[in-house]
Amino acid sequence: MFQKVADAEFIKGEHDVLKFWTERNIFARLQRQIAGRKPWSFIDGPMTANNPMGVHHAWGRSYKDVFQRYRAMSGYDLRYQNGFDCQGLWVEVEVEKQLGLGAKSQVEAYGIDKFAHECKKRVLKYAAIQTEQSIRLGYWMEWDDPAQLRKLAEAIGTDEVVSFTPPKRPDEVLRDKAEAIVARLGNPDWGGSYFTFSTENNETIWTFLKKCFERGKVYRGYDVMPWSGRGGSAYSQMEVADGRKLTVHRSAFVRFPIVKKVDDRTDQSDPSDSPQSPLTNEYLLIWTTTPWTLTSNVAAAVNPDLDYVKLKAKRDGAIYYFAKDNLDFQRLATEFKDGFGREEWSWPKSVPKLKTLSQIFKENGGFDIEGTLKGAEMVGWEYAGPFDDLAAQSAPGGVPFEARVADKTGVACHRVIDGGRDFKGSANVVAGEGTGIVHIAPGCGDVDHVLGATAGIVGIAPLGEDGCFLEGFGEFTGKSATDPATADLVFAKLKEKGLLLNVEQYPHIYPHCWRTGDELVFRLVDEWFINMDWREEIMGVTDAIRWLPESIQGGEREREWLTNMRDWMISKKRYWGLALPIWVDEDESVPWTDPAKFEVIGSLAELKQRALDGGAGWDEFEGHTPHKPWIDKVKIRSPKTGNLMTRVQDVGNPWLDAGIVPFSTLGFNTHPDLWQKWFPADLVTECFPGQFRNWFYSLLSMATMMGSDKSDPEEKKPFKTLLGHRLVMNEAGKPMHKSDGTAIWFEEAAEQIGVDTMRWMYLQQNPASDLRFGTRHPDQPVTLQTPNGPTDRTIDGVPTNLVTSTPADETRRMVLIPLWNSYAFFVNYARLDEFDPTAPLVPVASRPEIDRWILSNLQALTTGMRAALDDYNTPEACRLAAAFIDDLSNWYIRRNRRRFWRSKDASDTDKLAAYQTLYEVLVTVTKLLAPMMPFLSERMYQNLVRSPETGVRGQESEGKRQIDAAVLAFNPQPLTLNLPESVHLCDYPDADAALLDTDLNARMATAQVVVALGHKLRDMADQRVRQPLAELRVSSSDPAARDAIERLADVVREELNVKQLTVVESLADIVKYTYKANLKTLGPKYGKLLNVLREKLPTVDGKLLAPLRVGESVTITLDGHEITLAPDDVQVGTEQAPGWVSGDDRGIQLALSTSLTPSLLREGMARDFIRQIQQLRKDANLEIENRIRVSYSTTEPEVLTMFTEWCHLIQGETLADSLTSSNAPPEDAKPVNIGDCKVSVWIEKV
RNA sequence: GGGCGUAUAGCUCAGUUGGCUAGAGCGCAGCUCUGAUAAAGCUGAGGUCCGUGGUUCGAAUCCACGUACGCCCA
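Residues numbered from 1 in each chain as written. Chains lettered and ligands numbered in written order. Predicted model: local features only at pLDDT ≥ 70, side-chain atom pairs only at ≥ 80, totals over all residues. Heavy atoms only, no water.

*Asks:* Explain the overall build of chain A to me, please; I cannot follow it from the model alone.
*Replies:* Secondary structure summary: chain A contains 40 helices and 47 strands in total. Projected onto the principal axes, the alpha-carbon positions of chain A cover approximately 125 × 90 × 65 Å. Looking at chain A as a whole, 56% of its 1246 residues are labelled buried. Long-range pairs, those at least 24 residues apart, make up 77% of the contacts in chain A between residues at least 6 apart in sequence. Of the side-chain charges in chain A, 146 are positive and 176 negative, and the distance between the mean point of each set is 2 Å. (Helix = DSSP H or I, 4+ residues; strand = E, 2+ residues; numbered from the N terminus. Buried < 20%, exposed > 50% of the residue type's maximum accessible area, 1.4 Å probe, protein only. Contact = heavy atoms within 4.5 Å. Lys, Arg positive; Asp, Glu negative; His and termini not counted. Charge placed at Lys NZ, Arg CZ, Asp CG, Glu CD.)

*Asks:* Please clarify how the sheet that holds strand β18 (residues 437-440) should be interpreted in this entry.
*Replies:* Adjacent strands of a sheet form backbone hydrogen bonds with each other and so pair up, either parallel or antiparallel. Within the open sheet, the three strands sit side by side as β17-β12-β18. Their pairing is mixed. The sheet terminates laterally at β17 (416-418) and β18, the two strands that pair on one side only. Strand after strand, the sheet turns through a mean of 40 degrees between neighbouring axes, direction not considered. Taken together, the four bridges between strand β12 (residues 299-302) and β18 define a ladder with antiparallel strand orientation. Of the residues in β18, the one forming a bridge with V302 is I437. (Pairing = 2+ DSSP bridges. Axes fitted to C-alpha atoms, helices over the stretch in contact; angles between N-to-C directions.)

*Asks:* Would you mind showing me how to read the protein's contact with RNA strand B here?
*Replies:* Close to RNA strand B lie 50 residues, the nearest being R693, R1026, K1076, Q1174 and I1184. By atom count, sugar and phosphate contribute 60% of the portion of RNA strand B lying within 4 Å of the protein. Between a sugar or linking oxygen of RNA strand B and a side-chain N or O atom of N821, the distance comes to 3.1 Å. When contributions to the surface near RNA strand B are tallied by element, the ones reaching two or more residues are α27 (806-832), α29 (874-901), α33 (998-1021), α36 (1079-1086), α37 (1090-1096), α39 (1158-1179) and α40 (1197-1214). In terms of residue count, α27 provides more of the surface near RNA strand B than any other element does, eight residues in total. In terms of residue class, the surface near RNA strand B is built from 14 nonpolar, 15 polar and 21 charged. (Near = heavy atom within 4 Å. Polar contact = N/O pair within 3.5 Å; in protein donor to acceptor, adjacent residues only side chain to side chain. Nonpolar A, V, L, I, M, F, W, Y, C, P; charged D, E, K, R; others polar.)

*Asks:* Looking at this structure, how should I read the environment of L580?
*Replies:* Relative to the elements of secondary structure, L580 occurs in the loop between β23 (571-572) and β24 (582-585). By relative accessible area, L580 is classed as buried at 0%. For L580 and I601, which are 21 residues apart along the polypeptide, the C-alpha to C-alpha distance reads 9.0 Å. Those residues in contact with L580 that sit more than four places away from it in its chain are L209, I570, S571, R647, V648, D650, V651 and G652.

*Asks:* Would you take a moment to explain the packing of helix α25 (residues 746-753) against helix α26 (residues 755-764) for this structure?
*Replies:* Any two packed helices are characterised by the angle at which their axes cross and by the distance between the axes. Where α25 meets α26, the closest approach of the two axes is 7 Å, and the angle between their N-to-C directions is 110 degrees. By the criterion of interaxial angle, the relationship of α25 to α26 is roughly perpendicular. Across the interface between the two elements, F746, A749, A750 and I753 from α25 touch V755, T757 and M758 from α26. Broken down by class, the residue content of the contact of α25 with α26 amounts to six nonpolar, one polar and no charged. (Parallel < 35°, antiparallel > 145°, perpendicular 65-115°, else oblique.)

*Asks:* Please clarify how α29 should be interpreted in this entry.
*Replies:* For the α-helix, the turn length of 3.6 residues means that residues three or four positions removed from each other point alike. The largest bend in α29 amounts to roughly 45 degrees and is located at I893. For α29, the N-terminal capping position is held by N873, with its side-chain oxygen 3.1 Å away from the main-chain nitrogen of E876. (Bend = angle between axes of the 7 residues up to and from the residue.)

*Asks:* Explanation requested: the sheet that holds strand β29 (residues 681-687) in the structure shown.
*Replies:* Taken together, the three strands give an open sheet; going across it, the order is β21-β30-β29, and neighbouring strands pair in parallel fashion. The open sheet has two free edges, formed respectively by β21 (546-548) and β29, since each of these has just one partner strand. Strand-to-strand twist across the sheet, computed as the mean angle between neighbouring axes with direction ignored, equals 15 degrees. Sitting on the sheet, helix α3 (residues 55-73) touches β29 and β30 (719-725), and the angle it makes with β30 is about 140 degrees.

*Asks:* Looking at this model, I keep getting lost on the packing of helix α28 (residues 849-870) against helix α30 (residues 909-929). Mind explaining?
*Replies:* Running from N to C, α28 and α30 point in directions that differ by 10 degrees, and their axes come no closer than 10 Å. By the angle between their directions, the pair α28 and α30 is classed as roughly parallel. Note on element contacts: α30 touches α28 through A913, A914, T917, E920, V921, T924, V925, L928 and L929, opposite D851, I854, L855, L858, L861, T862 and M865. Broken down by class, the residue content of the contact of α28 with α30 amounts to eleven nonpolar, three polar and two charged.

*Asks:* Looking at this structure, I do not really get the confidence of the model for chain A. What am I missing?
*Replies:* Across chain A, the average pLDDT comes to 86, with 94% of residues at or above 70. The lowest-confidence element of chain A is helix α32 (residues 960-968), averaging 42 in pLDDT; the highest-confidence one is strand β5 (residues 194-195), averaging 98. This stretch, residues 264-277, has a pLDDT under 50; its non-local contacts, to residues over four places away or in other chains, come to 14 contacts. Taken as a whole, residues 951-976 scores under 50 in pLDDT and shows 40 contacts with residues more than four places along the chain or in a different chain. Model confidence for the complex: the whole-complex pTM is 0.86, and ipTM, which rates the interface, is 0.84. (pLDDT = per-residue confidence, 0-100.)

*Asks:* Even after reading the chapter, I still don't get the pairing of β12, so can you show me in this structure?
*Replies:* Looking along a regular strand, one sees the side chains alternate between the two faces of the sheet. Burial along β12 is two-sided: the face carrying A299 and A301 and the face carrying A300 and V302 are both buried. Note: β12 against β17, three bridges, orientation parallel. Bridged to A301 within β17 is I417.

*Asks:* Looking at this model, I keep getting lost on the pattern of salt bridges. Mind explaining?
*Replies:* Pairs may arise between side chains of opposite charge once their charged atoms sit close together. For the coordinates displayed, the defined rule picks out 72 salt bridges. We note a salt bridge from D316 to R255, for which the minimum N-O separation is 3.4 Å. Of this pair, D316 sits in the loop between β13 (307-313) and β14 (319-323) while R255 sits in strand β8 (residues 244-260); the two residues are 61 residues apart in sequence, bridging distant segments of the chain. On the accessibility criterion, R255 (12% relative accessible area) is buried. Between K573 and D526 there is a salt bridge, and its shortest N-O distance comes to 3.9 Å. Within this pair, whereas K573 is found in the loop between β23 and β24, its partner D526 is found in strand β20 (residues 521-530), the two being separated by 47 residues in sequence. (Salt bridge = Lys/Arg side-chain N within 4 Å of Asp/Glu carboxyl O.)

*Asks:* Explain unusual backbone geometry here, please?
*Replies:* With the exception of glycine, most residues fall at negative phi, and the peptide bonds are largely trans. A cis amide bond, omega -10 degrees, links V399 with the succeeding residue P400. Note on placement: P400 falls in the loop between β16 (382-383) and β17. Of note, the phi angle at Y80 is positive, near 55 degrees, even though the residue is not glycine. In this fold, Y80 is placed in the loop between α3 and β2 (83-85). A positive phi angle is found at E834, which is not glycine, with a value near 50 degrees. Tracing the chain through its elements places E834 in the loop between α27 and α28. On the basis of relative accessibility, which here comes to 54%, the residue E834 falls in the exposed class.

*Asks:* Mind showing me how you'd approach the side chain of E686 here?
*Replies:* With respect to the helices, strands and loops of the structure, E686 is situated in strand β29. Classification of E686 by relative accessible area gives buried; the value is 16%. The residues contacting E686, other than those within four sequence positions of it, are D44, G45, K64, W695, F696, L723, G724 and H725.

*Asks:* What is the right way to read the environment of L869 from this model?
*Replies:* Summarising the element assignment, L869 is placed in helix α28. Of the residues examined, L869 reaches a relative accessible area of 0% and is grouped as buried. In this structure, the C-alpha to C-alpha distance between L869 and V66, residues 803 residues apart in sequence, is 8.6 Å. Not counting chain neighbours up to four residues away, the residues in contact with L869 comprise V66, F67, Y70, T874, A877 and Y988.

Structural data, given as C-alpha cells:
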C-alpha cells in the first residue's frame, strides 16, 4: 500500500533519506553490487583540508557525484576515492595563526616537529568536517569515518596506540600509533580518502623527481621573487594576486650622470662628443617607485626603436635624455578619474594629480628641446651610478658572487642597454608612466634579473631573508627595504649628490603579504627548478585529452600556458610539505657545475640503503613520516668525494602533491595491477580558473614525465576528459568573500535551500559561466535545522545567517514542486483506488494515444538523458528532465485527471491503463533523476516501489513526518519481488525502442500548438475557457498536421472546450488568407528578385495561391517573371472574419466560432457553478473523497433552467448527494457570479 | 602593453550553414484555468541585437576598425 503524500518538506526529507542510507548501508551494498565490473575511473582533485566547505565547493562535487552515480547505475565498477590536499603554505598559515606564531623564526623556536604535528592535526580535523559536509550533499564516496579521523588527529604526536577500522575492512581493527596509521590513509587495501601527506604520495613524487633528475632536468637556480620579510618566504604569483592593495609610494625622478657616449654596436666613439673626457652636465633621466633598489642599480635600459629627446633645463643648463612621448604624457590620467579597477581602489584624496614631465621642468625654470634621437643611439653609453660609493657596487662578481661575471663589478657595468623584448616580442621598455629609460637592478626585480643575465652584467641583491639590507650597503645595512625611513635616506643621499629631480606621491597597486599585510619586496633567492624544455611532450599529451566545455577552449589555454611558462620552481623555504629528495654535497670546493654536487633519491628504500651504506641518521628518522624535521637527519655519502650529503632544507611545491595523484593513489609503485586497471582516469572535473597552470599543469607534466618510456601520448595521458566549471558568485554576480560575511557556508545553503535544489542549480548551469548562486545576509542570523538538531553556528563558530536565492526558488518551483505534485497526485489517488502495481498490464497498444504519447516521450527522455550524461552535459540532461516534468504535470496529468477520478470499477481498463502508465513514468523518472536528485528520487522510489511491496501501513491520521519516516524506516520483511531496496541500486533505465513513437510525439506537439493558439483566440474573443464554444475549424497545408489534429481531436476539443472540431480543406469562407514569402527557401532560388516577391506576393489574388494551402505548387507571373512557388515557399496566415476569431501558427490556421446560443451559455454557467463548489470544498479543507450537500439561492430564471438541465453533471463532479434550492441562505453563503447571474451557494459535508 | 573571450528586453541568458515578425526564463500588467499543484496557460508592455564601415538580394549572425567589460599573460 502506498503511503499518503502531503507537503514535500524537501529538506526534512533529505535528512530522512540520509538516515535511511546509513541504516541500510546502501552505499556499501552498491559497492559490492558493482565490484568486478568494467571500470569507470574517476580521479578526484584533492580539496585543501584547511577550512569548512563553502557553496563553491559543492558545484564540482555535484558533478563528481552525478557522473559516478550514473556510471554505477549503468554497469560500471568505480573506486569512489575522495582526496584531501594536506601540505603546503596554506596549512602552515592557518596553523601559525592558531598557534599565534607571527614570523618564520617563531616556527623554528616552536619546534618544527611539533609544528608538523599541528599541521597534520589540522588537516585531519578539516578532513573530518569536509567529509561530514560532503555526506550531507549526498556525495557518495568511500568516506573514512569522521569520528575516527578526529581520534587520529588527537593522537598525533603521542605514543598512544590507536585503533582504526579502514572502510574496506569493516570487520577489522588495526592498532598502531596515529602517525603510522595516518601515513597510510587511503591506501588501496584500506580504502577511504587519499591524503597527499601520505608516505605513498610523497614517495611517488620522489619517483617523479628521480625521473626528472635522470633526464637531467633538475637544477638549482636563482630567481628574483616576491618576498615577505616577516613571513620569510617567497610567494608565487597566485599568492601575490591575493594580497594586492592600493598603496601610495613616493616615486622619484632621478638623473644618472652620463660619463661616456659610446656606440655599443660598433664600439666606436661618437665623433660629436669627446670620448676621452667625462661629459659634464648630461644625464639619463630615470624614474622609480622603489627608491631602495637604486642602491643596487647596475644598468639603464632603453627601447632602441623609441624616440628620445635631448632636453636642456634652463636653470642649470643640464641636459636630460628621456623618451619623447613622456614629455607631455599625462601619467595615471584614467586612474585619477576612474580609480584602479575596484571600488575600494579609487584615487586617494590626499594625493594630488600627477604632473607631466614638461610641467616639472617648467616649474624648475623652463626648458628647451635640443633634439631627438633613437634609443638605439644611446645603447652603450656609460653613466655613473647613484650609489657607487657602496661597497657592494664594487664587489667583483656582484652580490652574491657569480662566477660568470667574476671579472665585473656593479660600477663597471653601468651603461645603457637594450631593454629587449619578452617571449611574445613586446618591448620591455616602453614610453608612458616612467621616462622610457628603466633603471635596472638585477638583484631587485624579475624582469631586471632576466635582462641582467642576458646582458651579462652583475647582479646586486641587497636584501637578506628578513627583508633588510645586508653588509656592504653602508648606512643602509640593517635597514628594512619597505621602511619609509629608508626611502627618506635614499632621497637625502640623492639630494646631497645633486641627482634628485623630483619626488611625488604615486598611487599604484602593489603586492602585499596576504598574511602579515606587509609590503612585499623583490628579492633574489636560490631555488630548485625543473627545466621544462620538454614542454612539447606535454603538449602532445594535452592534445590527446578532451577538454570540456568546448567553449572555453581548455586545450588551447593549456597549450598557451605550456608555451609561455618558465621552468617549474619546485622549492619553497618553509616547513610543512613534501621533503624534496635532493641531497647536496656541501663541500664548497665542489662547484655547482659538477653533476655530482647533488643527487635526487627516488624512494625511501633507496635512501635507506644509501644511509646505511656509509651515510648516517637512518635510525633517527625511522618510525617517522618523510617530513621535516625527521627526514633531514638522514645523510648519504657522495660516491665522488666521500663527503656526507645533506638534504636541502626546502619543502616542495604543493602542486607536485596533487599532480602525482594518478600514480600514487592508483598504486603505480605498489599495486601495478590496480594501476593498469584504473589508469588513465575517464574523467577529471574541477573549477577551472587558475588550474591550467596549477593542477591540470602538474597532472599533465608529471604524467608525461612518468610515461617517459612511452612514445604515444595516448598512453601517457592521466585522464581522458576534463570537465571544467567556473566560479560561484552571489546573486548580483559579484564574488563572495569570507571577510565581509558574504561567503555562504555549505550548511547554511544545504539547510535553507536544500541539497537536491542546490545540485540542480549547479547541474543546470552552463559550466563556462559563473553561477549566480544567491545572497548571504550578514545581518540576519538564522537557526538551521540540521540532521543533528538545531544550530546557529557553523562548525568554526561563525553565526549562521539567512541565505536567499532567486535561482533556487525558481528551481524548486519549476522542477521539484511539479515533480512532487505529479507524484503526490498519483499516490493519493492510487491509494483511494487501491491500485496494485503488480496487476497484469494493459497492453500498451490498447492504451489511449495520450498514454502511448507520454510513454514514448519517456523513451525519448531516457535516450536523451543517457546521451547527455555520457557526454558530461548536465545542463542538457536538466533541460530534458525539466521539459518532461512540465509535459507530465501540465499536459499528461492535467489532460487525464478525469480518468483517475472515476469511481471504482474493476473492469475499467482505461483507468487501469492510466494508473499503469503514470506509475511506469514516475518509477522510471525516479531512476533517471536519481544521480542528479538523489534524495527526492529516493523518497519517491521508496513509496512507489518499496511500500507496495513491503506492505508498510502508514498512519494516515498522524502527521506527515511519521508517515515519511515510516516509509524510510526499512521493513525487515523479505523482499517478495526482489526489487532493489534503493533507487540507487537500480539499473539506469534503457529506452524501449518499441515504445518510442516519434510520429506520435510530433502529433502531440502539433496538438499542443493548436491548443496554445486556441487559448490565444479565446483570449482575443474574450471568452473564458469554461464557456463552451460551438466549433473550431482547423486547416493546414501539411497533411501530417491535419492528420495529427484529427487523431487528437478529443484532446484539443476538451482542452479548448469546444463542441466540435473540424479539419477543413480551407477556411476561405470564414477567414481571409494572407500569403507571405518564405525568404529562406526563395532567397537561394530568386536572389535579387526576392524583394519584388516579398512586396508583391501579399497582393496576389488569393484564389491563385489557394492550392498552396493543400500542398500543391503554383506558378504565377510577377513583374513579367514567371515564378513557381512550392508550398514551402510561402507562409500562410489568416485575418479576422465576423462571428469567428482566427489565427495561425507554424503553418496551421485556426478559426474559432464565437457565437453563443442560450444552451451553450447555460452549459458555461454549469461549469462556473461546478468550479465555485470545488473552491468551496477546497476552502473547507474537504478530502477529495468526502461527499457534500449543495444548496443555492437565486432569483434568476436562467439559472434555474440551468440547474434542471445540468444537475446531474454538477452533482457528479462535486460529489454532491443533493442540489437544493433554498430561500434562506445562511450567513456564510457565498455570493458568486454564474455567467452573468448572481447566486448564493453553500455546502455542507455529509 | 600583448593574447583570448564577451557585448541581444529591467535582470539572467538562447539565437544552428546569414533569411527579414530576434526568442526563453525571471520580474511587471491584464486575462484564463484549477478536484495534485506552493502552480500552470495565454496576452501585453519592454530591443539602436555596443558603435561605424564593408561583403550580400538579405547581417544579431560573416569581415574590418573602434568602444566597453571579463579572463589570461606581462
